[in-house]
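Breakdown of the fold
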Amino acid sequence: AHVCAVMTDPMETVECWGDNSQGQLGVGPGGPLQSAATMKVQRATDGGSNDLPHVEYIAAGGNTTCVVRFTDSHVSCWGANESGQAGQQGTAPVVYATPVEW
């Protein structure tokens, strides 16, 4: 019930829209429950104050989205995490794009 796309802006950011009940829009804890307007995904590494840049690949499914950035080839995910699908410890939703530790 959410959609995300890599934008063709100079920084190759990601924008999402739709359901945000599990953090699927990647905009932080203060985000709306749903949005028909696109919202820029924020990154956890700076507390959600900057857009997630340099995205090369994106995969969205269920209530979780993951991306690979071309600057560092790391995977970052956000959204539902009840089974660890966002690559984080615990089961709480991941509300910002968060790097997956390997």
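Computed from a prediction, not measured in an experiment: that's the story for all the values here.

**Thoughts on the pairing of strand E4 (residues 55-61)**
In this structure, E4 lies alongside strand E5 (residues 64-69), joined through six bridges in antiparallel fashion. Bridged to Val55 within E5 is Arg69. Taken together, E4 and the strand that follows it, E5, pair antiparallel across an intervening segment of two residues, in which Gly62 is found at a positive phi of about 60 degrees.

**Things to note about the sheet that holds strand E3 (residues 34-40)**
Reading across the sheet, the three strands line up as E1-E2-E3 and stay open at both edges, with antiparallel pairing between neighbours. Here the strands that pair on one side only, and so sit at the sheet edges, are strand E1 (2-6) and E3. Going across the sheet, the axis of each strand differs from the next one's by a mean of 10 degrees, ignoring polarity.

**Regarding unusual backbone geometry**
Its identity is not glycine, yet His54 carries a phi of approximately 60 degrees, on the positive side. Although it is not a glycine, Ser73 adopts a positive phi angle of roughly 60 degrees. Mapped onto the elements, Ser73 comes out in the loop between E5 and strand E6 (75-79). According to the relative accessible area criterion, Ser73 is exposed, its value standing at 56%.

**Some thoughts on the state of the cysteines**
Applying the stated criterion to the full structure yields two disulfides. The residue that forms a disulfide with Cys4 is Cys16, at a sulfur-sulfur distance of 2.0 Å. Taking the sign of the torsion about the S-S bond as the criterion, the disulfide between Cys4 and Cys16, at about 110 degrees, is right-handed. Placement of Cys4 in strand E1 and of Cys16 in strand E2 (residues 14-19) is noted, with a sequence separation of twelve residues between them. Among the residues examined, Cys4 registers a relative accessible area of 13% and is labelled buried. A disulfide bridge connects Cys66 with Cys77, and the sulfur atoms are separated by 2.0 Å. Handedness here is read from the sign of the S-S torsion; for Cys66 and Cys77, about 110 degrees, the answer is right-handed. One end of the pair, Cys66, is in strand E5; the other, Cys77, is in strand E6, and eleven residues separate them in sequence. The connectivity of the disulfides in the protein is 1-2, 3-4, where the numbers refer to bonded cysteines in sequence order.

Reading the values: rules and limits
Within any chain, residue numbers begin from 1 and follow the written order of that chain's sequence. In view of the model being predicted, local features appear only for residues whose pLDDT reaches at least 70, and side-chain atom pairs are presented and counted only at 80 or more, with totals across whole chains, interfaces and linings using the full set of residues. Side-chain numbers here rest on the full set of heavy atoms in the structure, without hydrogens or water. Two strands qualify as a pair provided DSSP detects at least 2 bridges between them. Helix and strand assignments follow DSSP, with helices taken as H or I runs no shorter than four residues and strands as E runs no shorter than two, numbered in order from the N terminus. Axis definition: a line fit to C-alpha positions, over the contact stretch in the case of helices; interaxial angles, taken between N-to-C directions, run 0 to 180 degrees. Categorising residues by exposure relies on relative accessible area from a 1.4 Å probe, with only protein chains included: less than 20% of the type maximum marks a residue as buried, more than 50% marks it as exposed, and the intermediate range marks it as partly exposed. Note on terminology: pairs of cysteine sulfur atoms within 2.5 Å are recorded as disulfides.

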